[in-house]
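# Per-entry structural report
Given next are the chains, with one letter for each unit.
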Amino acid sequence: LLKQKADSSNKSPSTSQTNSKKKRPLKAGNSQEVPAVNGKGNGEKAKSTNKTDNGSAKDNPPSAKPKAKRVAMDKNLNGTKSSGKGCEEKKKNGNILKEKGDIKHKRRKAEEQAEQQPKEAEIWFDDVDPKDIEAAIGPEAAKIARRNLGLETGQSKESVEQVLVKEKASEGLTQAVAMDCEMVGVGPKGEESIVARVSLVNQFGKCIYDKYVKPTEEVTDYRTAVSGIRPENINTGEDFKTVQKEVADILNGRILVGHALRNDLKVLFLDHPKKKIRDTQRYKPFKQRVKSARPSLKLLCEKLLNVQVQTSEHCSIQDAQAAMRLYTLEKKKWEAAVKNTRNNKNCK
């Protein structure tokens, strides 16, 4: 029994040593001291000798590796070192070069366009519709053609007058005069019309007559939105008989130009020789151009003169000027057509 106890006491330290080794494994990179048990059972201090791939922690501080990366990143394409500021300057220089290139490109493009623009001397034809010129050559050529024809573009009052009225022209009577009347409504529903204003212009668009007419009946509809007539205009107007006689004297022996003249002559209770009437609503070439059987004055001015009239309240002076400008635009052809029709009738 004593012998067995002695054997068991000799074996127990080795088993405790193996168990301690299994229970407390050493961690890599841990520099703390851990106790170890020798074969005799005495505890001894042992230092861990685990090392990283780069050596001990003292030999290789952790800041060494990021520094190497920074050096590699700071190298430019030529292999030389440069700071972050230098990179920014390089980017700035690149942007400047790009902007300079864009400016040169725009300048070259503008010069090419300037070379392609037609000169005024090149646009010499005057019997061609400016819209056809615009389709064939371009807007600049059409603008020059309109300027040569006296058909300046623009929607302001001054530009419209520049198209319809010839500057520094005679303000007296001419062989052809244009007339337009503004009317107001009378009767129960205001459907019947009486004259409220009469305006006449000469062949150059200069106003030669413009008077408001005192109503002969009670006005039930002033039609101000269209006619532009207000009560104060006609209440102090000229007597109808006086206006009728003055207009008849002006029209006597002259060519009468207007738009839908039948209505104007009707409210004035006047008549005029058919061979002396030039109605822009009934002129066939105008109908064919705008593709309308009964074109309005507004449509004719927009399509043929490139101006807008009657955009709000009507003005009898401007409407008469517009009709006269349409007539002068086709005067030679129009008068030749009237002459041919007269000769054909005489032959029959």
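Structure's up top.
Below: a short report on this structure. (Residues numbered from 1 in each chain as written. Predicted model: local features only at pLDDT ≥ 70, side-chain atom pairs only at ≥ 80, totals over all residues. Heavy atoms only, no water.)

### Observations concerning the overall build of the protein chain
This is how it is decided: Numbering goes from the N terminus for both helices and strands, where a helix is a DSSP run of H or I of at least four residues and a strand is a run of E of at least two. For each residue, the accessible area found with a 1.4 Å probe, counting protein chains only, is set against the maximum for its type, and the residue is called buried under 20%, exposed over 50%, and partly exposed in between. The contact criterion used is simple: two residues touch if any of their non-hydrogen atoms lie within 4.5 Å. Calculation of accessible area relied on Shrake-Rupley with a 1.4 Å probe; when residues are assessed, cover is drawn exclusively from the protein chains displayed.
Helix and strand counts for the protein chain come out as 14 helices and eight strands. Relative to its 348 residues, the protein chain shows a buried fraction of 29%. Taking as baseline every contact in the protein chain between residues at least 6 positions apart, the subset at least 24 positions apart corresponds to 55%. Taken as a whole, the protein chain presents about 24,600 Å² of accessible surface, with 50% of it coming from carbon and sulfur.

### A few points about unusual backbone geometry
Across the chain, the bulk of peptide bonds are trans and the bulk of non-glycine residues have phi less than zero. Within the chain, Arg223 stands out as a residue other than glycine whose phi angle is a positive 50 degrees. Within the secondary structure layout, Arg223 lies in the loop between strand S6 (219–221) and helix H7 (224–227). Even without being a glycine, Phe269 presents a positive backbone phi close to 55 degrees. Residue position: Phe269 is located in the loop between helix H10 (261–268) and strand S8 (277–279).

### Focus: a positive patch on the surface
What counts here: For patch building, the residue pool is restricted to those with more than 30% relative accessible area and no salt bridge; the joining distance is 9 Å between like charges and 5 Å between nonpolar side chains (Val, Leu, Ile, Met, Phe, Trp, Tyr). A carboxyl oxygen of Asp or Glu within 4 Å of a side-chain nitrogen of Lys or Arg is what we treat as a salt bridge. Only four residue types enter the charge count: Lys and Arg as positive, Asp and Glu as negative, with His and the chain ends excluded. Think of each charge as sitting on NZ of Lys, CZ of Arg, CG of Asp or CD of Glu.
On the surface, Arg262, Lys266, Lys274, Arg282, Arg294 and Lys345 cluster together into a positively charged patch. In this fold, Arg294 is placed in the loop between helix H11 (284–290) and helix H12 (297–305).

### Thoughts on the packing of aromatic side chains
Test applied: Here is the rule: rings of Phe, Tyr and Trp (six-membered ring for Trp) pair when centre to centre is within 6.5 Å. Planes less than 30 degrees apart are stacked, more than 60 are edge-to-face, and the remainder are tilted.
Considering all chains together, one arrives at five aromatic pairs under this definition. Look at Tyr283 and Trp334: their rings are 3.9 Å apart centre to centre, the planes differ by 15 degrees, and that puts the pair in the stacked class. Placement of the pair is Tyr283 in the loop between S8 and H11 and Trp334 in helix H14 (residues 331–347), with a sequence separation of 51 residues. Here Tyr283 and Trp334 have matching classes, each one buried. Put simply, the rings of Tyr283, Phe286, Tyr327 and Trp334 pair up and form one aromatic cluster.

### A closer look at the pairing of strand S4 (residues 192–201)
Our working definition: Think of it this way: DSSP has to see at least two bridges between two strands before they count as a pair.
Among the 10 residues that make up S4, eight are buried, leaving the element largely enclosed by the rest of the structure. In terms of strand pairing, strand S3 (residues 176–186) meets S4 through nine bridges, oriented antiparallel. Bridging across to S4, Ala178 finds its partner in Val201. Where S4 meets strand S5 (residues 207–212), five bridges bridge the pair, whose relative direction is antiparallel.

### Focus: the pairing of strand S7 (residues 255–258)
Heads up, the rule is: By convention a crossover is right-handed if, when the strands point away from the viewer, the path from the first strand over the helix to the second runs clockwise.
Of the two faces of S7, the one holding Ile255 and Val257 and the one holding Leu256 and Gly258 are both buried throughout. Across three bridges, S3 lies against S7 in parallel orientation. The residue bridging Ala176 from the neighbouring strand is Ile255, located in S7. Pairing between S7 and S8: three bridges, direction parallel. The residue bridging Leu256 from the neighbouring strand is Ile277, located in S8. Where the polypeptide runs from S7 across H10 and back to S8, its parallel neighbour, the crossover connection is right-handed.

### Remarks on the packing of H12 against helix H13 (residues 316–329)
Convention followed: Note on method: axes are straight lines fitted to C-alpha atoms, helices fitted across the in-contact stretch only, with angles between N-to-C directions ranging 0 to 180 degrees. Each angle gets one of four labels, with under 35 degrees taken as roughly parallel, over 145 as roughly antiparallel, 65 to 115 as roughly perpendicular, and the rest as oblique. Here is the rule for handedness: rotate from the far helix to the near one, and if that takes an anticlockwise turn smaller than a right angle the crossing is left-handed, while a clockwise turn gives right-handed. Side-chain classes follow a simple rule in which Ala, Val, Leu, Ile, Met, Phe, Trp, Tyr, Cys and Pro form the nonpolar group, Asp, Glu, Lys and Arg form the charged group, and the remainder, Gly included, forms the polar group.
Axis separation between H12 and H13 bottoms out at 11 Å; the angle between their running directions is 45 degrees. If you check the angle between H12 and H13, you find them oblique. Helix-helix and strand crossings are classified by hand; for H12 and H13 the assignment is left-handed. Note on element contacts: H13 touches H12 through Asp319, Ala322, Ala323, Arg325, Leu326 and Leu329, opposite Leu297, Leu300, Cys301, Leu304 and Leu305. Among the residues making up the contact of H12 with H13, the classes are represented as nine nonpolar, no polar and two charged.

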